[in-house]
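# Per-entry structural report
Next come the chains, spelled out residue by residue.
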Amino acid sequence: MSQQDVHWYPHHLDSQKAVYLAIVEAIEQDLARGVLKGGDKLPAQRQLAARLGIDFTTVTRAYQEGKKRGLLVARMGQGTFVRALQSQENPGDQLIDMGMNIPPLPQDKRLIERMQRDMAQVVLRLPEQSLFGYKDFFGTFEDRTLVAHWVAKRYRSAQADNLLICPGTQGTLLALLGHLGGKGISICCEEFTYPGFKAVAENLGIKLVGLAMDHDGILPSAFEDACRSQKVRALYCTPTQHNPTTTTWSVERRHAIAEIAKRYDVVLIEDDAYGFISDNAPEPLCSFAPELGYYIAGLAKSVASGLRVAFLICPDRHFQQQLSQHLRATSLMVSPLTKAMALDLIQSGCADLLSAAISKAARERQALAYEILKDHSFRADPNGFHIWLSLPPYWPEESFINRMRRHNIRLVGSDAFAVGKSFVTGVRLCLGAPNSVEQTRYVLNLIAQQLKKPDDYQNAIV
Ligand SMILES: Cc1ncc(COP(=O)(O)O)c(C=O)c1O
């Protein structure tokens with residue numbers, strides 16, 4: 001069988017739909033899943049009709065509909081093929097994964113070169129024991145003093161004694177939730193939350209309680225109700241540039257939530273992943289109740305995701321010691337190599353330059369989004385690199401995601417973030433994923449163009 005000549009047939013046809021539309025939907029879904037690719041040849045109409053036990057005119061109608069939707073092309077004397085998409089901005093027709101919230105690459109070539117040189121120097125300078133062995137699990141006192149000084153620019157309670165250098169935010173959350181009690185405890189969080197946090201909680205058997213939000217953050221009444229009606233161990237939240245809604249809580253909201261946490265003795269876990277790229281974010285939530293606060297400053301969004309380094313500030317030295325035991329149990333230690341690189345970036349000032357360059361690149365992309373998506377409803381932070389886009393009523397979330405996937409653009413919808421059943425739909429666009437400003441423009445134009453098109457499925461009269 002040639003690569004193009006696939007013996008495709010739909011494994012499932014939606015019985016609620018007219019058969020020809022159900023076939024088109026199956027094609028669209030298999031394209032999204034990668035079962036079908038551009039250039040693949042579909043079975044001859046009579047062959048598919050015989051296989052499905054339907055009249056061949058139904059298949060003809062399905063293929064015609066597929067052509068109308070830009071999914072299929074007919075070639076004279078050869079048959080019907082899946083259409084291969086090509087564009088100048090995405091010439092290799094590569095997947096643009098806007099489902100991963102990575103920062104845009106700073107456009108400053110000299111800065112990147114400096115970072116590469118510095119990192120190479122770190123490896124050359126490292127003593128052999130650090131390069132090849134196990135060393136200083138979560139940072140020496142000197143390492144932690146350096147980091148505390150840097151983190152204190154944003155969170156004043158950071159000190160060498162209450163700080164740990166951890167293997168990324170994800171690794172920190174795993175150890176922290178275990179430390180707080182693991183299986184069986186209840187943790188509150190925003191009604192939409194970072195999927196990595198959901199995954200850790202599920203993995204540990206922790207019950208999540210999603211709290212309603214408005215445009216200013218978690219509703220204090222929702223938090224208080226939860227604390228009153230059940231034993232809540234902790235609140236996990238991202239009060240600055242929330243993922244995915246982009247909300248930054250006001251000072252008043254932070255204060256109100258911290259007061260409730262104090263009243264009910266609920267631990268605060270603040271994930272400040274985006275705090276270091278925010279121009280005017282209020283003081284962290286933990287500043288309002290440091291005695292209850294676990295503050296996580298990951299470097300993934302403000303310096304480099306691949307370093308896998310985050311800093312955890314515990315309420316005090318006692319909890320820092322306990323946490324280090326949990327970190328040992330879950331990941332043994334932060335990689336000495338990337339730890340050394342992160343510390344060097346901080347010491348040389350390169351980390352701050354990178355944060356500034358990421359913010360600059362993010363602002364440029366946000367400005368494009370404001371221009372191109374101006375007729376649509378979305379939320380964004382001008383310094384951030386993700387957008388929370390509301391879909392028009394004629395675009396079911398899954399269909400829109402599938403449609404964009406057909407254009408080799410991966411988006412993530414509200415289900416991935418929702419804690420429990422979500423009645424709000426939306427998709428998150430990660431503007432850091434395209435490899436250039438031009439590619440960002442291309443993707444945003446494509447999204448704007450697709451948003452205007454009503455979904456034919458819904459409008460079909462059957
Ligand atoms: C709120 C939040 N926390 C943490 C992370 C990931 O952090 P890390 O790469 O340090 O594990 C992300 C990534 O999208 C995030 O949005």
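It should be emphasised that the depicted structure is a prediction, and the values quoted were computed from it without experimental measurement.

Glancing now at the overall build of the protein. Across its full length, the protein holds 16 helices and 17 strands. Since a compact globule built from 462 residues should have a radius of gyration of about 23 Å, the 25 Å found for the protein is in line with a globular shape. Taking the principal axes of its C-alpha atoms as reference, the protein extends roughly 75 × 55 × 40 Å. Here the protein, with 462 residues, has 43% of them falling under the buried criterion. Look at the contacts in the protein between residues 6 or more apart in sequence, and 72% of them connect residues 24 or more apart.

Moving on, we come to the sheet that holds strand β11 (residues 293-298). Whether parallel or antiparallel, the strands of a sheet pair through hydrogen bonds between backbone atoms. One open sheet accounts for 7 strands, arranged β4-β12-β11-β10-β9-β5-β6; its pairing is mixed. Here the strands that pair on one side only, and so sit at the sheet edges, are β4 (163-166) and β6 (207-211). Adjacent strand axes in the sheet meet at a mean angle of 20° when their direction is disregarded. In this sheet, strand β12 (residues 310-313) lies alongside β4 in antiparallel orientation, the contact comprising 4 bridges. Bridge pairing in β12 links Leu 163 to Ile 313.

Before going further, it helps to examine the sheet that holds strand β16 (residues 412-413). Taken together, 4 strands build an open sheet; the order of strands is β13-β14-β17-β16 and the sheet is antiparallel. Of all strands in the sheet, those with a lone pairing partner are β13 (378-380) and β16, marking the two edges. Bridge analysis of β13 against strand β14 (residues 386-389) gives 3 bridges, and the strand direction is antiparallel. Its bridge partner being in β14, Phe 378 is matched across the sheet by Leu 389.

Turning to the pairing of strand β10 (residues 267-271), a few remarks are in order. Successive residues of a regular strand alternate their side chains across the two faces of the sheet. With respect to burial, β10 is a largely interior element, 5 of its 5 residues being buried. Both strand β9 (residues 234-237) and β10 contribute to a ladder of 4 bridges, which runs parallel. Looking across to β10, one finds that Cys 237 is bridged to Glu 270. Read as a crossover between parallel neighbours, the route from β9 over helix α10 (residues 251-264) to β10 is right-handed. Here β10 runs beside β11; their pairing, made up of 4 bridges, is parallel. Bridged to Leu 268 within β11 is Gly 293.

Our focus in this paragraph is the packing of helix α7 (residues 168-179) against helix α11 (residues 317-331). Orientation of α7 relative to α11, taken along the N-to-C sense of each, is 120°, at an axis distance of 9 Å. It follows that α7 is oblique to α11 by the angle criterion. The chirality of how α7 crosses α11 is right-handed. In this structure, α7 contributes Gly 171, Leu 174, Ala 175, Leu 176, Gly 178 and His 179 to the contact, and α11 contributes Gln 322, Leu 323, His 326, Leu 327, Thr 330 and Ser 331. Among the residues making up the contact of α7 with α11, the classes are represented as 5 nonpolar, 7 polar and no charged.

What counts as what
- Residues numbered from 1 in each chain as written.
- Predicted model: local features only at pLDDT ≥ 70, side-chain atom pairs only at ≥ 80, totals over all residues.
- Helix = DSSP H or I, 4+ residues; strand = E, 2+ residues; numbered from the N terminus.
- Rg over C-alpha atoms; globule rule 2.2 N^0.38 Å.
- Buried ≥ 20, exposed ≤ 12 C-beta atoms within 10 Å, placed from the backbone.
- Contact = placed C-beta atoms within 7 Å.
- Pairing = 2+ DSSP bridges.
- Axes fitted to C-alpha atoms, helices over the stretch in contact; angles between N-to-C directions.
- Right-handed = clockwise from strand over helix to strand, strands pointing away.
- Parallel < 35°, antiparallel > 145°, perpendicular 65-115°, else oblique.
- Left-handed = near helix turned anticlockwise from the far one by under 90°.
- Nonpolar A, V, L, I, M, F, W, Y, C, P; charged D, E, K, R; others polar.

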